[in-house]
Amino acid sequence: MVKSYRQARSPSGSGGQAKDIFVARRVKRRKGGLFGKLWLPAVVLAVIAIVTYGVSTVRHLNDAITNAPPVAAIQPTVVQINPKNVTYEVFGTLGGSGKVTYADLNSQPIEVALASLPWSHSETTMASSASLSLVAQVEGDSVGCRILVDGQVRDQHSVSHEGAAISCTVTAA
């Protein structure tokens, strides 16, 4: 009959029997089988395998990022900026006097007193776009304005009455 730990340590039990019980139990624990002896090394090997796989994967991804595969070279795009020739024109009957206000290529207003008609002013820009405007007023009975970009009429208006005023605008030249 095998006594429990308490019974083995109790004064009523015999001392020799208690020692035999402890030795028997220790031996029983050691005889847990092959799994009892190899579970810790198996877990350690599994953890090492998982860590090795993870490190290998990260290194492979890092190598793919650092040394990207060559791609077909993209040909450089040359954006040719052609100069734009802008011409402001005012025509009609001047009468006694008149004035023209236009925005130069830097969008600054320029005012000109008219001495005679027709009147014109030309500028050249290298900008990819420009905003153009022209306002004319005369004491005569008719006035017209025209804005040309590279020789093509982009805006044109005219009116006929005493003290006529007109405006022309090109928002993107």
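These remarks concern the structure in this document. Not measured: the values here are computed from a predicted model.

**Concerning the overall build of the chain**
Stage number 1. Broken down by element type, the chain carries three helices and eight strands.
Stage number 2. Counting helices and strands in the order they occur from the N terminus, the chain gives α-α-α-β-β-β-β-β-β-β-β.
Stage number 3. Taking the intrachain contacts of the chain between residues at least 6 apart in sequence as the baseline, contacts between residues at least 24 apart amount to 53%.
Stage number 4. For the chain, the accessible surface area stands at approximately 12,700 Å², while carbon and sulfur atoms represent 58% of it.

**Some details on the packing of aromatic side chains**
Stage number 1. Going through the model one piece at a time under the given rule, you end up with two aromatic pairs.
Stage number 2. Plain terms: the ring middles of Tyr102 and Trp119 are 5.9 Å apart, the flat faces sit at 45° to each other, and that makes the pair tilted. Of the two residues, Tyr102 is situated in strand β2 (residues 98-103) and Trp119 in strand β4 (residues 119-125); the sequence distance between them amounts to 17 residues.
Stage number 3. For Tyr102, a relative accessible area of 7% corresponds to the buried category.
Stage number 4. When its relative accessible area of 15% is taken as the criterion, Trp119 is described as buried.

**Re unusual backbone geometry**
Stage number 1. Cis peptide bonds are those with omega within 30 degrees of zero, and the linkage from Leu117 to Pro118 qualifies with 0°.
Stage number 2. As for its position among the elements, Pro118 is in the loop between β3 (109-114) and β4.
Stage number 3. For Ser107, which is not glycine, the phi torsion reads 65° and is therefore positive.
Stage number 4. Mapped onto the elements, Ser107 comes out in the loop between β2 and β3.
Stage number 5. Phi is positive for Asp150, close to 55°, though the residue is something other than glycine.
Stage number 6. By the secondary structure assignment, Asp150 is in the loop between β6 (142-149) and β7 (152-160).

**Quick notes on the pairing of β3**
Stage number 1. With six bridges joining them, β2 and β3 adopt antiparallel strand pairing. Considered in β3, the bridge of Gly98 is made with Leu114.

**Notes on the sheet that holds strand β8 (residues 165-170)**
Stage number 1. Read across the sheet, four strands follow the order β3-β2-β5-β8 without closing on themselves; strand pairing throughout is antiparallel. Each having just a single partner strand, β3 and β8 make up the two edges of the open sheet. Strand after strand, the sheet turns through a mean of 10° between neighbouring axes, direction not considered.

**Re the side chain of Thr125**
Stage number 1. Residue placement: Thr125 occurs in strand β4.
Stage number 2. Its relative accessible area of 10% is what places Thr125 among the buried residues.

**Some points on a nonpolar patch on the surface**
Stage number 1. A cluster of nonpolar residues, Phe35, Trp39, Leu40, Val43, Val44, Leu45, Val47, Ile48, Val51 and Val55, forms a patch on the protein surface that exposes about 980 Å² of accessible area.
Stage number 2. Residue position: Ile48 is located in helix α3 (residues 34-66).
Stage number 3. Of the residues examined, Ile48 reaches a relative accessible area of 47% and is grouped as partly exposed.

The rules behind the values
Residues numbered from 1 in each chain as written. Predicted model: local features only at pLDDT ≥ 70, side-chain atom pairs only at ≥ 80, totals over all residues. Heavy atoms only, no water. Helix = DSSP H or I, 4+ residues; strand = E, 2+ residues; numbered from the N terminus. Contact = heavy atoms within 4.5 Å. Areas by Shrake-Rupley, 256 points an atom, 1.4 Å probe, with all protein chains shown as cover. Phe/Tyr/Trp six-rings, centres within 6.5 Å; stacked < 30°, edge-to-face > 60°. Buried < 20%, exposed > 50% of the residue type's maximum accessible area, 1.4 Å probe, protein only. Pairing = 2+ DSSP bridges. Axes fitted to C-alpha atoms, helices over the stretch in contact; angles between N-to-C directions. Patch = residues over 30% accessible without salt bridge, like charges linked within 9 Å, V, L, I, M, F, W, Y side chains within 5 Å. Salt bridge = Lys/Arg side-chain N within 4 Å of Asp/Glu carboxyl O.

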